[in-house]
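Here are the chains, one letter per residue:
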Amino acid sequence: MSNLLSSILIGAVASARSMTPMATIATARLAGRGTSGELFLLDRPTFKYGALAMGVGELFGDKMKSAPDRTVFLGLLARVMSAGIAGAALAPKGREKAGAAAAVATAVPLAYLTLAGRKQAMARIGQTKSGLIEDALIVAAGAAIVALATKRQHSY
């Protein structure tokens, strides 16, 4: 199971920010870093830049009063898709399905826990401040996980 640790951790990131896993992997790809698992979608420019735009958009949208809870159907669906794609990408080659499953199995239940924590923080310091703090923690965690799990691709 330890060789799926990056997949599990990226699932935890997806529990709080559904688009951050794919955005951090897209950023790594743009920086010339490769993943051990196969990842076809984020190698295409449309998906790569789309993932970045969605990641940034989510950070802004989360602060809106009208933002839905992360545990509504579409929020959970986004977490399942993002965690699955990112979990597969960070899994060892040949274990992509197990990595996707591990990430999804982490993201969905943790979405309820991270939502409870966010609601407590919102009651204390407000929606915007709590969201900015959560953003900083989750984006930093996602970037660190992806940086540690990817390797520089050499072009000869």
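All figures in this text were calculated on a predicted structure; none of them were measured in a lab.

## With respect to the overall build of the protein chain
- A count of helices and strands for the protein chain gives 6 helices and 2 strands.
- Secondary structure elements of the protein chain occur, N-terminal to C-terminal, as α-α-β-α-α-α-α-β.
- Here the protein chain has a C-alpha radius of gyration of 15 Å; the compact-globule value for 156 residues is 15 Å, and the two agree.
- Taken along the three principal axes of its C-alpha coordinates, the protein chain extends 55 × 30 × 25 Å.
- Every one of the 156 residues in the protein chain was classed for burial, and the buried ones make up 44%.
- For the protein chain, the share of sequence-separated contacts (at least 6 apart) that also reach a separation of at least 24 residues comes to 78%.
- Of the roughly 8300 Å² of accessible surface on the protein chain, 70% is carried by carbon and sulfur atoms.
- Charge centroids of the protein chain, computed over 18 positive and 8 negative side chains, lie 3 Å from each other.

## Side note on the environment of Asp135
- The residue Asp135 is located in helix α6 (residues 127-149) in this model.
- In this structure Asp135 comes out as buried when scored by relative accessible area, which is 9%.
- Along the primary structure Asp135 and Lys48 are separated by 87 residues, whereas in three dimensions their C-alpha atoms are 21 Å apart.
- Excluding anything up to four places from it in sequence, Asp135 contacts Arg17, Leu59, Asp62, Lys63 and Ala140.

## Overview of the environment of Ser15
- With respect to the helices, strands and loops of the structure, Ser15 is situated in helix α1 (residues 5-16).
- Here Ser15 falls in the buried class, since its relative accessible area comes to 1%.
- Sequence spacing of Ser15 and Arg29 is 14 residues, and the spatial spacing of their C-alpha atoms is 22 Å.
- When neighbours within four sequence positions are excluded, Ser15 is seen to be in contact with Arg70, Arg79, Ala107, Leu110, Ala111 and Thr114.
- Looking at Ser15, its side chain comes within polar contact range of the main-chain oxygen of Ala12, at 2.5 Å.

## Things to note about helix α4 (residues 73-90)
- Taking 1.5 Å per residue as the helical rise, α4 with its 18 residues ought to reach 26 Å, and the 25 Å between its terminal C-alpha atoms agrees with that figure.
- Of all the positions in α4, only Gly75, Leu76, Ala78, Arg79, Ser82, Ala83, Gly84, Ala86, Gly87, Ala88, Ala89 and Leu90 are classed as buried.

## So, a nonpolar patch on the surface
- A cluster of nonpolar side chains, Val72, Phe73, Leu74, Leu77 and Met81, forms an exposed patch at the surface whose accessible area comes to about 520 Å².
- Of note, Leu74 is situated in helix α4.

## A few points about the layout of surface pockets
- Space inside the largest pocket adds up to approximately 480 Å³.
- Asp62, Ala67, Pro68, Asp69 and Arg70 are, among the 23 residues lining the largest pocket, the residues nearest its centre.
- The set of elements that each furnish at least two residues to the lining of the largest pocket consists of α3 (45-61), α4 and α5 (96-125).
- Taken together, the residues that form the lining of the largest pocket break down as 10 nonpolar, 4 polar and 9 charged.
- Estimated volume of the second largest pocket: approximately 210 Å³.
- Elements that contribute at least two residues to the lining of the second largest pocket include exactly α3 and α4.
- Per-element tally for the lining of the second largest pocket: the top contributor is α3, with 5 residues.
- Looking at the lining of the second largest pocket, its residues break down into 10 nonpolar, 3 polar and no charged.

## Points about the nonpolar core
- The biggest cluster of nonpolar side chains holds 23 residues, and the ones touching the most others in it are Ile10, Ile25, Leu42, Leu90 and Val146.
- Those elements giving two or more residues to this core turn out to be α1, α2 (20-30), α4, α5 and α6.
- When residues in this core are grouped by element, the largest group, 5 residues, is from α4.
- Residues contacting Leu90, with those up to four places away along its chain left out, are Ser6, Ser7, Ile10, Ile25, Thr35, Ser36, Ile145, Val146, Ala149 and Thr150.

Procedures and definitions
Residues numbered from 1 in each chain as written. Predicted model: local features only at pLDDT ≥ 70, side-chain atom pairs only at ≥ 80, totals over all residues. Heavy atoms only, no water. Helix = DSSP H or I, 4+ residues; strand = E, 2+ residues; numbered from the N terminus. Rg over C-alpha atoms; globule rule 2.2 N^0.38 Å. Buried < 20%, exposed > 50% of the residue type's maximum accessible area, 1.4 Å probe, protein only. Contact = heavy atoms within 4.5 Å. Areas by Shrake-Rupley, 256 points an atom, 1.4 Å probe, with all protein chains shown as cover. Lys, Arg positive; Asp, Glu negative; His and termini not counted. Charge placed at Lys NZ, Arg CZ, Asp CG, Glu CD. Polar contact = N/O pair within 3.5 Å; in protein donor to acceptor, adjacent residues only side chain to side chain. Expected span 1.5 Å × (residues − 1). Patch = residues over 30% accessible without salt bridge, like charges linked within 9 Å, V, L, I, M, F, W, Y side chains within 5 Å. Salt bridge = Lys/Arg side-chain N within 4 Å of Asp/Glu carboxyl O. 1 Å grid on protein atoms, 1.4 Å probe; cavity = no way out; pocket = protein on both sides within 12 Å on 5 of 7 lines; lining within 4 Å. Points joined across faces, edges and corners; volume = space filled by probe spheres on them. Nonpolar A, V, L, I, M, F, W, Y, C, P; charged D, E, K, R; others polar. Core = buried A, V, L, I, M, F, W, Y, C linked by side-chain atoms within 4.5 Å.

None of this, on its own, says anything about what the molecule does.
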